[in-house]
Every structure is written in structure tokens, then in C-alpha cells.
Amino acid sequence: MSVTMEEVRAALDPDEVDYPEASRLGPEALPHLLTLVREAEPGLAAKAAYLAGAIDSAQSEEVVAAAAANDDARVRVAAAEAAAMLPPESASRVLGSLMLDDDQGVQKLSLRSVSTGLSAEVRDKVAEVSEGAPDPGLRKLAAEALGRMR
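Residues numbered from 1 in each chain as written. Predicted model: local features only at pLDDT ≥ 70, side-chain atom pairs only at ≥ 80, totals over all residues. Heavy atoms only, no water.

Digging into the overall build of the protein chain
Our working rule: In this description a helix means any DSSP run of H or I spanning at least four residues, a strand means any run of E spanning at least two, and both kinds are numbered starting from the N terminus. The globule rule used for comparison is 2.2 Å times the number of residues to the exponent 0.38, while the radius of gyration itself is calculated over C-alpha atoms. Only protein chains enter the accessibility calculation, which uses a 1.4 Å probe; a residue whose area is less than 20% of its type maximum is buried, one above 50% is exposed, and one in between is partly exposed. The criterion used for residue contact is that any of the two residues' heavy atoms lie within 4.5 Å. Each accessible area value is a Shrake-Rupley result obtained with a 1.4 Å probe; residue values ignore everything except the protein chains displayed when judging cover.
Check the secondary structure of the protein chain and you find 10 helices and 0 strands. Seen in sequence order, the protein chain has helices and strands lined up from the N terminus as α-α-α-α-α-α-α-α-α-α. For 150 residues, the compact-globule estimate of 2.2 N^0.38 gives 15 Å, and the C-alpha radius of gyration of the protein chain, at 15 Å, lies within 12% of that figure. Considered along the principal axes of its C-alpha atoms, the protein chain spans approximately 50 × 25 × 20 Å. Considering the protein chain as a whole, with its 150 residues, one finds that 49% of them fall into the buried category. Sequence-distant contacts, at least 24 apart, represent 63% of the contacts inside the protein chain between residues at least 6 apart. If you sum the accessible surface of the protein chain, you get close to 7,600 Å²; carbon and sulfur atoms cover 48% of it.

A look at the nonpolar core
To keep things clear, this is the line we draw: For the purposes of this section, nonpolar cores are sets of buried Ala, Val, Leu, Ile, Met, Phe, Trp, Tyr and Cys residues that join through side-chain atoms within 4.5 Å.
Ranked by internal contacts, the top residues of the largest apolar core, which has 56 residues, are Val-8, Leu-12, Leu-33, Leu-36, Met-99, Leu-111 and Val-126. Ranked by the residues each element gives to this core, the list is headed by helix 4 (residues 42-54), at 7 residues.

Concerning the packing of helix 6 (residues 73-83) against helix 7 (residues 88-98)
For any two helices packed against each other, one specifies the crossing angle of their axes together with the interaxial distance. Our working rule: What counts as an axis is a line fitted to C-alpha atoms, over the stretch in contact for a helix, and the angles between N-to-C directions run from 0 to 180 degrees. For any helix crossing, the convention is left-handed if the near helix is rotated counterclockwise from the far helix by under a right angle, and right-handed if that rotation is clockwise.
Axis separation between helix 6 and helix 7 bottoms out at 9 Å; the angle between their running directions is 145 degrees. Note on packing geometry: the crossing formed by helix 6 with helix 7 is left-handed. Facing helix 6, whose interface residues are Arg-76, Ala-79, Ala-80 and Ala-83, helix 7 presents Ala-91, Val-94, Leu-95 and Leu-98.

Take a look at the structure:
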């Protein structure tokens, strides 16, 4: 079954997207989601990034990584949330680029997405935030994230 851009947009159109239902579009939706992450307005791009994380496919990482590189912090926040749904190896690659983001909201969501099984590189970046972030709230979140990584 082929998934069209129109079907993907229809699934993402509601203010409150039913992500479990939308994820049933499956891996065939990922090329469309990648296009939306790269070209759509930030609200829609963020929804597309999150949906990509909810789809169980090796190609989901490409979409979430593209969202992590987006200029808009809202899209990067969605990438951080979506990374929590990826396998640890993929999540490590995505979170590594977001952990030291200039936007504190992105950093916070990245830290909340940390779990066991992530790479040593991510652990090092979390440790860096826990020791050197100017914001005490970020340092606390990073310390909690380090605890979850053990």
C-alpha cells in the first residue's frame, strides 16, 4: 500500500494528533515526513518529526536527525522527544547533536530523553552539562539523566 503526502498531512492536521493511529501509516510515510521536516512551517515540521520517531523503522532516524538540524527550536524539541522512541544507537546519534544546543528548551527535552543503552559520547555530553551548565535546572536534569544511564 502506497502512502501519499495527502494522507500524511491529513494525519498531522489535527491540533491533537493521534500519534498511535498516525504511526499506522508505517515506513512508507517516512519520505513524506522527511520532506515536511525540511520544508514545512515549524508546527507541521515538529509534528512530522515526532511521528517519525513513533514509526518503528530504521529510516526513522534520518527524519529525526533532519529535525535535530532544523533552524527552529520547536522542531529540534520535537526531535529530542522523538529520539526517546528510537533504538539506543539511533537515539545516541540524534541526542548527541542536541545535548549542547543553544536553546535551553532543546537541552531540557534532550536530557529528559536520555535512557539506558546510549553511547559514551552522549554520557560525556550529559556529564558536561551536569558540571558546566550556567542554569542550575539544566545541571539538575543532567545529573538525573546520568543516573538513568547507569
